[in-house]
Amino acid sequence: MMNRTSAGTTSTGGPGTPLTPFSPGPMSSVTMPRPPDPQLDPAGYLRSLGAVRERCKIVTAKACKNDLRHFDVDMQKFPDVVSFVANIIKRDYDAPFTSIPGHGRYQHFGVGGRDRIAHLLATWPEEIDNTEKCKRILDLFLVSVLLDAGAGTEWSYKSVENGRVYRRSEGIAVATLDMFKTGLFSGSSNKYQVDREGLRQLTVEKLAQGLQSGPGNEMAGIEGRAQLLIRLGRALENKEFFGEDGRPGNMLDHILSHPSTQASSVIIVPMPVLWNVLMNGLNPIWPPSRTAINGVSLGDAWPCSSMPQPAQSPSSPTFSPFPNATGQSNGIAPWESILPFHKLTQWLTYSLMQPMQSIMKIQFAGQELLTGLPEYRNGGLFVDLGVLTLKPEDQERGLQHYTEYSQRTGTGGVEVAPMFDPGDDVIVEWRGVTVGFLDMLTTDVNKALKAELAGHELSLAQVLEAGSWKGGREIAEVSRPNTKEPPILIDSDGTVF
């Protein structure tokens, strides 16, 4: 058997559905261009994929020395995380574990063992060629990923297809698919697409109706999600990336025609080509309040006190690396204090590669540049298993925030947890450490499973899929069985996590 389901997990495989049509693509070795020089183009550097791992290493090194600002770190418990994740992988997959797909949105559409994407593809007539099929799935996946922030404990979705109830990421995936099939995101005669005209007509009310969000079944951050998709409609006006009709799937045309794309016996696309489309093409979707340098929005990148700090200017004793700070003293530039993650963009990258690999047989070179995703499941794993513990003063501050949130929203569960805003220094530090710890976890899980791997090696994307994300969810269900929430909560607007 290829993939066994278990409590709290999802499966898209089994003897009859061998993870088709999305199986991991082969890796290709192509020399990657260097990211921009941060001294010359700090915004360009911090927006590059390579900057995420490089900058997060700084915080991770401090963590390994128990020198963090907001967490006590017990590295002696790291082997417990390795064992926990390795055992989950062994429980759910057979050695040598080559059937584990890379982390991506596709698997969430398979909740309950039904491959809804394969079924969708099968319903389209034969005259729909592979290019158009791929574009349609890219459209669907992009919208579904952008909606895939934490849904909250109250929300669930009743499937139009079979009446079953789904929650969290899988619920959002099934809901997005149902909305996609009705043409909610399309402004053309082809309802199976997402385009700027369709998103221009979207409202909070329409999205809430599609997600079945309402009194007694509230989805967290519904307005933030709707605004994100409305801003996506404006971003799709970029014809270079999204064509004349402003459609996400048209990025396929841009990628295939790019000068650095190699086409001989196979199509090989360097990772920066796809990354450039997603970072620059989707830049207008990010809220304007996010961190910027020299007027350039950095997206999911945040000041962090555990990073190198420029000396405070005498004329500005409350120096902040927030928007447009350009001064420099003590040899440390303001950009060095900012920690980039680009979590949603990376989640998009992992997810959008899947249909291009499987339907168009495209190989992506440079996949090793992608990092683990710094979100609450992966991060919660290290908190729940005792590697990271919030320092008392931060714990107290977070619990106060939770109390205020509960009073403001009229909610509050039997399980209380510290809560912070997405840009809080606690959250930024936690996310930075999570990126570094996921790299270490991948190395150690491969060592722990060496005998069963039979010469193979699990990629980071496979460990994310089969172990860390799933493990973070499962340990949360054990630790907080009523809410199943992570150990640290995010007061999210629906656009970060």
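Structure shown above.
Computed from a predicted structure; not experimentally measured. (Residues numbered from 1 in each chain as written. Predicted model: local features only at pLDDT ≥ 70, side-chain atom pairs only at ≥ 80, totals over all residues. Heavy atoms only, no water.)

1. Some words on the overall build of the protein chain
Alright, step 1. The helix and strand inventory of the protein chain stands at 18 helices and 13 strands.
Alright, step 2. By the burial criterion, 60% of the 497 residues in the protein chain qualify as buried.
Alright, step 3. When contacts within the protein chain are restricted to residue pairs at least 6 apart in sequence, those whose partners lie at least 24 apart make up 75%.
Alright, step 4. Put simply, the protein chain shows about 19,400 Å² of open surface, and 51% of that area lies on carbon and sulfur atoms. (Helix = DSSP H or I, 4+ residues; strand = E, 2+ residues; numbered from the N terminus. Buried < 20%, exposed > 50% of the residue type's maximum accessible area, 1.4 Å probe, protein only. Contact = heavy atoms within 4.5 Å. Areas by Shrake-Rupley, 256 points an atom, 1.4 Å probe, with all protein chains shown as cover.)

2. Points about the sheet that holds strand β10 (residues 362-365)
Alright, step 1. The sheet built from three strands is open, its strands ordered β4-β5-β10 with mixed pairing. Unpaired on one side and paired on the other, β4 (262-263) and β10 mark the two borders of the sheet.
Alright, step 2. Bridging between strand β5 (residues 267-270) and β10 involves four bridges; their strand directions are parallel. Directly across from Val269, in β10, lies its bridge partner Phe364.
Alright, step 3. Along the sheet face, helix α12 (residues 271-281) touches β5 and β10 and points at about 60° away from the line of β5. (Pairing = 2+ DSSP bridges. Axes fitted to C-alpha atoms, helices over the stretch in contact; angles between N-to-C directions.)

3. Things to note about the environment of Ala448
Alright, step 1. Tracing the sequence through the fold places Ala448 in helix α16 (residues 425-448).
Alright, step 2. Here the alpha-carbon distance between Ala448 and Val82, two residues 366 residues apart in the chain, equals 7.7 Å.
Alright, step 3. Sequence-distant contacts of Ala448, defined by excluding residues within four places in its chain, comprise Val82 and Ala86.

4. Side note on unusual backbone geometry
Alright, step 1. The peptide bond linking Ala95 to Pro96 adopts the cis configuration, its omega dihedral lying at 5°.
Alright, step 2. By the element assignment, Pro96 lies in the loop between α3 (78-92) and α4 (116-123).
Alright, step 3. At Gln212, a position not held by glycine, the phi torsion is positive, near 60°.
Alright, step 4. Tracing the sequence through the fold places Gln212 in the loop between α8 (204-210) and α9 (222-235).

5. A short note on the nonpolar core
Alright, step 1. Core analysis: the biggest nonpolar cluster contains 127 residues, and Leu229, Leu232, Met251, Met356, Leu388 and Leu441 have the highest contact counts within it.
Alright, step 2. In terms of residue count, α16 provides more of this core than any other element does, ten residues in total.
Alright, step 3. Setting aside its immediate chain neighbours within four residues, Leu388 contacts Leu68, Phe71, Asp72, Val73, Phe382, Val383, Trp430, Val433 and Phe437.
Alright, step 4. Ranked by size, the runner-up nonpolar core spans ten residues in total, among them Ala43, Leu46, Ile293 and Leu298. (Core = buried A, V, L, I, M, F, W, Y, C linked by side-chain atoms within 4.5 Å.)

6. Some words on the packing of aromatic side chains
Alright, step 1. Tallied over the entire structure, the rule returns nine aromatic pairs.
Alright, step 2. Their ring planes at 15° and their centres at 5.9 Å tell us that Phe78 and Phe382 sit as a pair that is stacked. Within this pair, whereas Phe78 is found in helix α3, its partner Phe382 is found in helix α14 (residues 376-384), the two being separated by 304 residues in sequence.
Alright, step 3. For Phe78, a relative accessible area of 3% corresponds to the buried category.
Alright, step 4. Accessibility expressed as a relative area gives 0% for Phe382, which makes it buried.
Alright, step 5. Judged by centre distance (6.2 Å) and plane angle (50°), the ring pair of Phe180 and Tyr192 falls under tilted. Separated by twelve residues along the polypeptide, Phe180 in helix α6 (residues 168-182) and Tyr192 in the loop between α6 and α7 (196-200) bring together distant segments of the chain. For the residue pair Phe180 and Tyr192, the accessibility class agrees, reading buried in each case.
Alright, step 6. Taken together through their ring pairs, the aromatic side chains of Phe78, Phe382 and Phe437 make up a single cluster. (Phe/Tyr/Trp six-rings, centres within 6.5 Å; stacked < 30°, edge-to-face > 60°.)

7. What about the packing of α4 against helix α5 (residues 130-146)?
Alright, step 1. Packing of α4 against α5 brings their axes to within 11 Å, and their N-to-C directions diverge by 140°. By the angle class used here, α4 and α5 are oblique. Considering how the two elements wind past one another, α4 and α5 form a crossing that is right-handed. Across the interface between the two elements, Ile117, Leu120 and Leu121 from α4 touch Lys133, Ile137, Leu140 and Phe141 from α5.
Alright, step 2. Among the residues making up the contact of α4 with α5, the classes are represented as six nonpolar, no polar and one charged. (Parallel < 35°, antiparallel > 145°, perpendicular 65-115°, else oblique. Left-handed = near helix turned anticlockwise from the far one by under 90°. Nonpolar A, V, L, I, M, F, W, Y, C, P; charged D, E, K, R; others polar.)

8. Some thoughts on helix α2 (residues 49-64)
Alright, step 1. With 16 residues, α2 extends 24 Å between its outermost C-alpha atoms, agreeing within 8% with the 22 Å of an ideal straight helix rising 1.5 Å per residue.
Alright, step 2. Bending of α2 peaks at approximately 30° at the position of Lys57.
Alright, step 3. If you check which residues of α2 are buried, you get Leu49, Ala51, Val52, Arg53, Arg55, Cys56, Val59, Thr60 and Ala63.
Alright, step 4. Taken from the residues just after α2, Asn66 is the one with a positive phi, measuring 55°. (Expected span 1.5 Å × (residues − 1). Bend = angle between axes of the 7 residues up to and from the residue.)

9. Some words on the pairing of β5
Alright, step 1. Judged from the two bridges that link them, β4 and β5 form a sheet pairing that is antiparallel. Paired with Gln262 across the two strands is Ile268, which belongs to β5.

10. Things to note about α12
Alright, step 1. With eight of eleven residues buried, α12 lies mostly within the body of the structure.
Alright, step 2. Looking only at α12, the buried set comprises Met271, Val273, Leu274, Trp275, Val277, Leu278, Met279 and Gly281.

11. Remarks on the pattern of salt bridges
Alright, step 1. If you walk through the whole model with that rule in mind, you get 22 salt bridges.
Alright, step 2. Residue Glu132 is joined to Arg136 by a salt bridge in which the shortest nitrogen-to-oxygen separation is 2.9 Å. Of this pair, Glu132 and Arg136 both sit in helix α5, separated by four residues, roughly a single helical turn. Arg136 shares its class with Glu132; the two are buried.
Alright, step 3. For Lys239, the salt bridge identified is with Glu244, shortest N-O distance 3.5 Å.
Alright, step 4. The exposure class assigned to Lys239 is partly exposed, which follows from its relative accessible area of 49%. (Salt bridge = Lys/Arg side-chain N within 4 Å of Asp/Glu carboxyl O.)

12. Focus: the environment of Lys191
Alright, step 1. Within the fold, Lys191 resides in the loop between α6 and α7.
Alright, step 2. On the basis of relative accessibility, which here comes to 37%, the residue Lys191 falls in the partly exposed class.
Alright, step 3. The sequence separation of Lys191 and Met179 amounts to twelve residues, and the corresponding C-alpha distance is 10.0 Å.
Alright, step 4. Ignoring any residue separated from it by four or fewer positions in sequence, one finds Lys191 in contact with Phe180, Lys181, Thr182, Gly183 and Ser186.

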